[in-house]
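Observations on the three-dimensional arrangement
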Amino acid sequence: MDFVNQLQRKFIDYSSSLHREGIVDDQFTQLRKLEDENSPHFVMEVASLFFEDCEKLINNMAIALEQKQGVDFKQIEECIHQLKGSSSSIGAMRVKNACIAFRSFSGAQNREGCLRCLQQLSHEYSLLKNKLQTLFRVSVASRCLYVCLVIFCRGNEHAEPFPDVLVFQLEKQIVAAGGSIPRVH
Amino acid sequence: MKLEATKFRPREVVKHVLQTAAASLQKILTLEGNVADDVPIEVIGDVLRIRQILTNLISNAIKFTHEGKVGVKLYVVPEPPFAKEGSQHGSDGSTANQTTTNVPKEETCTSTSQTSSDQRGFHGKKHEGSCQNRSQSEPGTPVMNGKIDVTEEQAELPETTVWIRCDVYDTGIGIPENALPTLFKKYMQVSADHARKYGGTGLGLAICKQLVELMGGRLTVSSRVHCGSTFTFILPYKVSLSCDHSDDSDDPDDLSDMDDHGDSDDDATNGFFQFQPRTLGSLFSSNGSSRTQKLLAHNIGHVNSHKINGFSENYCSFPTSNGQAKEMDLVEDACSVAEALEISSEPECSFSHSPDHDSESAICRGRRHHNDVNAENKVSSIDVSTYSETSREVDVKVKISEPQLPAERQGRSDSGSQSTLNTSQEVSNSISKPKILLVEDNKINVLVTQSMMKQLGHTIDVVNNGVQAVRAVQCRSYDLVLMDVCMPVMDGLQATRLIRSFEETGNWDAAAKAGIERPSPSSDSLQPDCTPPKHIPIIAMTANALSESAEECFANGMDSFVSKPVTFQKLKECLEQYLP
């Protein structure tokens, strides 16, 4: 059980770091509250939707900014508005802030400024996506592990150690998620 | 909303509110306060709310006044007729219990009674009481010189009720007639441009009105464009007879002693305050009024001319800066306002119960001002005039800054102060689940909001723009609409306007004009209009946290707003407030 606790602690620590670094804010916490037995993966679902949306919008803006015949700043503003709204709703603070900065450049119809902002925005988005995906993996891993433990503890009167294969797979997951495997005792 | 009952000192409240306003005053304006000496030293009431109302009215006055003055006048009046409807004090409305029985005064008396009798068509002692000397004009009032008219009933009461009227007047831009009827409606401002120019949420007056009425009083207004406005609220206050200041107040004989005090005391014999911007503090100006003492029916140790806590006051019911030309214009114009109000169609100013009183009180006020000025009273204040003139020379930056009711700015706090404001809204009965409409174009926002609502126990309908929102409302009767502001095709502001137009007119003409075809007759919400369509609470969801955005929402008919991102707390408060 200690293993699971450690993993869960890992999750909590990681999650805290995201808040600390400003990757996510309180709104993200609100989203976490929406997870319950009816929608256990709500945050992941919303995040996935957001990633899709974000990529599409960033793409559109990149294309718009490349138009030789003239940049449609109106369209860019609309994209920014949408992105700001979404990022705000899920608590993606740095993405949201990048949007706000972007908005003033697009308002000023400053193409160079917009390009820089778009780059910044892409960067923040990538960062967010990576971190959130890591978080999700740790979360999933700890849940998997917990479930496994439950199954094995219940099913195994002798409290034998886990089947190697399973442990191996879980360890892989954890490591892939950026965690480390505590020493087994 | 629970009303408090605390003892407080009206003079202090007035002074303090004015002082606070003056401290942040960035225009060249005179702020003055004038508390009649028949106003008790201490009264019992919800001082916090009264302070809020006063602050709001004063800050409005300041906001809309660019030169001249803003002032507060406080004085006792007899129990107004509307009080009988819900009076808890067992007063039978007889003037004896409530009125101010005065020692007759000099010419002011005459003029006032003349004022009273001049008023056409008014009814109600409220008007007679606008000058405290109206005892002369009331036939039925047992007036005994130098004595308190104390009935048996009153003498035995441990506390009694005094009705105090407060006028907040200004020499500002005034209010056009056509804006008067909707002035006290929530989120209504004189115009959208007006809202843009002057800011504000349009909530203040509605809140004030509700608060005043909740406390058993009335809030009314009279105004003239380019001249100024006067907002008046009348409230009942309990007064404890066991007041510390009572100088053996139960004994009428003692009170007759008070007679002698007034005239001789010159220093600070008036409840008059005046503030200018950038002054280091208040200025108490003795206007040298030699008002004779008024005795009070309430048998309480009241103001006499002695300094009590530095606030020795003498009654001074007339605008004291009468000497100034501006004020003269004002009062003359106030008279014309009154006339204008008489002639024009009756604005349903503040409350539906007695519209007559609104215009009449305005008439009364106008006339009274007019006559008061003419009746040259000794009130006037050469001191005051001088001071004001001097102060005008002070070079002060003109920047509008005013205190505001804290409740005005935030959706969240709105719910607190507005908790009682929506009691009149009809909502579907509690048996059926409330029908909620979410109007939002952003998929992520929809998902998040919908999930939150689900967790709060509500299923919601979702549409993605203003046109769809109007169509949805045409087809179904909703109990609450959460309306995003910025949307493609049609934004939330316009959609709200169209919905409100339907609520006001009973038809969808405006929507049709905007290109939304009318609903088919078979839709369930389109009943033959025997009953006016009910008001649907529409909550704006604003991404723009700046205040202009909020004002625009209110100006377009929204009831409240939540700023995005949407959280549980915000939704919960919304639901609690707008659903039964």
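Residues numbered from 1 in each chain as written. Chains lettered and ligands numbered in written order. Predicted model: local features only at pLDDT ≥ 70, side-chain atom pairs only at ≥ 80, totals over all residues. Heavy atoms only, no water.

Put simply, the rule reads: UniProt positions are given in the numbering used here, feature names are shortened, and annotations may be inferred rather than shown by experiment.
An unreviewed UniProt entry lists chain B under the name histidine kinase, with Gossypium aridum as the source organism. Reading the Catalytic activity (unreviewed entry) entry of the UniProt record for chain B gives the comment "ATP + protein L-histidine = ADP + protein N-phospho-L-histidine."

In the annotation of an unreviewed UniProt entry, chain A is listed under the name Histidine-containing phosphotransfer protein and assigned to Gossypium aridum.

1. Digging into the interface of chain B and chain A
Note the cut-off: Should any heavy atoms of two residues lie within 4.5 Å, those residues are counted as being in contact. Buried area, as used here, totals the accessible surface that two parts lose on assembly, with accessibility defined by a 1.4 Å probe and the loss added over both. Note on definitions: salt bridges are taken to be side-chain nitrogens of Lys or Arg within 4 Å of carboxyl oxygens of Asp or Glu. Polar contacts, as counted here, are pairs of nitrogen or oxygen atoms within 3.5 Å of one another; within protein the pair requires one atom able to donate a hydrogen and one able to accept it, and residues that are adjacent in sequence qualify only if both atoms are side-chain atoms. Note on conventions: DSSP H or I runs of at least 4 residues are helices, E runs of at least 2 residues are strands, and numbering of each starts at the N terminus. Each residue gets one label: Ala, Val, Leu, Ile, Met, Phe, Trp, Tyr, Cys and Pro are nonpolar, Asp, Glu, Lys and Arg are charged, and the others, such as Gly, are polar.
Contacts between the two partners involve 16 residues from chain B and, on the opposite side, 21 residues from chain A. Summed over both partners, the interface of chain B with chain A comes to about 1500 Å²; 61% of that surface belongs to carbon and sulfur atoms. The tally of links from chain B across to chain A stands at one salt bridge. A salt bridge links Asp53(A) to Lys443(B); its shortest N-O distance comes to 3.9 Å. Taken together, the links from chain B to chain A amount to six residue pairs in polar contact (both at pLDDT 80 or more). Among the elements that take part in the side of chain B that touches chain A, helix α15 (residues 443-455) of chain B stands out by supplying eight residues, more than any other. Split by residue class, the side of chain B that touches chain A holds nine nonpolar, five polar and two charged.

2. Overview of unusual backbone geometry
Residue and element names in this part refer to chain B. The following threshold applies: When accessible area is computed with a 1.4 Å probe and restricted to protein chains, residues below 20% of their type maximum are described as buried, those above 50% as exposed, and intermediate ones as partly exposed.
For the bond running from Lys-564 to Pro-565, omega is 5°, close enough to zero to count as cis. In this structure, His-226 takes a positive phi of about 75° despite not being glycine. Looking at the secondary structure, you find His-226 in the loop between β6 (218-224) and β7 (228-240). Owing to a relative accessible area of 70%, His-226 belongs among the exposed residues under this scheme. Positive phi, close to 70°, is recorded for Val-489, a residue that is not glycine.

3. Some words on the pattern of salt bridges
Pairing between side chains becomes possible if they bear opposite charge and their charged atoms approach one another. Evaluation of the coordinates by the stated rule reveals 20 salt bridges over all chains. A salt bridge links Lys131(A) to Glu21(A); the shortest N-O distance between them is 2.9 Å. Residue Lys131(A) is located in helix α6 (residues 111-155), and its partner Glu21(A) is located in the loop between α1 (2-20) and α2 (26-33); the two are separated by 110 residues in the primary sequence. The salt bridge involving Asp479(B) is made with Lys534(B); its shortest N-O contact spans 3.5 Å. Linking Asp479(B) in the loop between α16 (466-475) and β12 (480-484) with Lys534(B) in the loop between α18 (509-513) and β13 (538-542), this pair joins segments that are 55 residues apart in sequence. We classify Asp479(B) as buried; its relative accessible area is 2%. Here the salt bridges share partners, and the residues they tie into one network are Asp53(A), Lys56(A) and Lys443(B).

4. Things to note about the state of the cysteines
Residue and element names in this part refer to chain A. In plain terms, the rule: Whenever a pair of cysteine sulfur atoms sits within 2.5 Å, that pair is classed as a disulfide.
Within this structure, the stated rule accounts for zero disulfides over all chains. Looking at Cys-54, it has no disulfide partner, and the nearest cysteine sulfur is the one in Cys-99, 7.1 Å off. Looking at Cys-54, the relative accessible area reads 0%, which means it is buried.

5. Side note on the packing of aromatic side chains
For clarity, the cut-off: Aromatic contacts are taken between Phe, Tyr and Trp rings whose centres are within 6.5 Å, Trp giving its six-membered ring; a plane angle under 30 degrees counts as stacked, one over 60 as edge-to-face, and the others as tilted. Geometrically, a lysine NZ or arginine CZ counts as sitting over a ring once it is within 6 Å of the ring centre and also within 35 degrees of the ring normal.
Under the criterion given, the structure shown has seven aromatic pairs over all chains. Both rings, one in Phe8(B) and one in Tyr237(B), keep their centres 6.1 Å apart while their planes meet at 65°; by these two values the pair is edge-to-face. With a gap of 229 residues between them, Phe8(B) in strand β1 (residues 6-8) and Tyr237(B) in strand β7 connect regions that are remote in the sequence. Residue Phe8(B) is classed as buried on the basis of its relative accessible area, which comes to 7%. An aromatic cluster of three or more residues is present, and its members are Phe50(A), Phe51(A) and Tyr125(A). Cation over ring: Arg218(B) sits above Phe82(B), and NZ or CZ is 4.4 Å from the ring centre.

6. Overview of the environment of Ala92(A)
All names here are of chain A. Looking at where Ala-92 falls in the secondary structure, it is placed in the loop between α4 (73-90) and α5 (93-107). A residue is classified by how much of its surface remains accessible, and Ala-92, at 1% relative accessible area, is buried. Separated by 45 residues in the primary sequence, Ala-92 and Ala-47 place their C-alpha atoms 9.6 Å from one another.

7. Notes on the sheet that holds β13(B)
All names here are of chain B. What counts here: Being paired, for any two strands, means DSSP has found at least two bridges between them. Angular values range over 0 to 180 degrees, each being the angle between N-to-C directions of two axes fitted as lines to C-alpha atoms, with helices fitted over their stretch in contact.
A sheet is described by the order of its strands in space; here five strands give the open sequence β11-β10-β12-β13-β14, paired in parallel fashion. The two strands at the open ends of the sheet, each matched to only one other strand, are β11 (460-463) and β14 (560-563). The mean angle between the axes of side-by-side strands here comes to 20°, regardless of whether they run parallel or antiparallel. Examined bridge by bridge, strand β10 (residues 436-439) and β11 share four bridges and lie parallel to one another. Residue pairing for β11: Ile-436 is matched across the bridge by Ile-460. On top of the sheet, α15 reaches β10, β11 and β12; it is set at about 170° to β11, its chief contact. Docked against the sheet, helix α20 (residues 568-578) engages β10, β12, β13 and β14, running at close to 165° with respect to β14.

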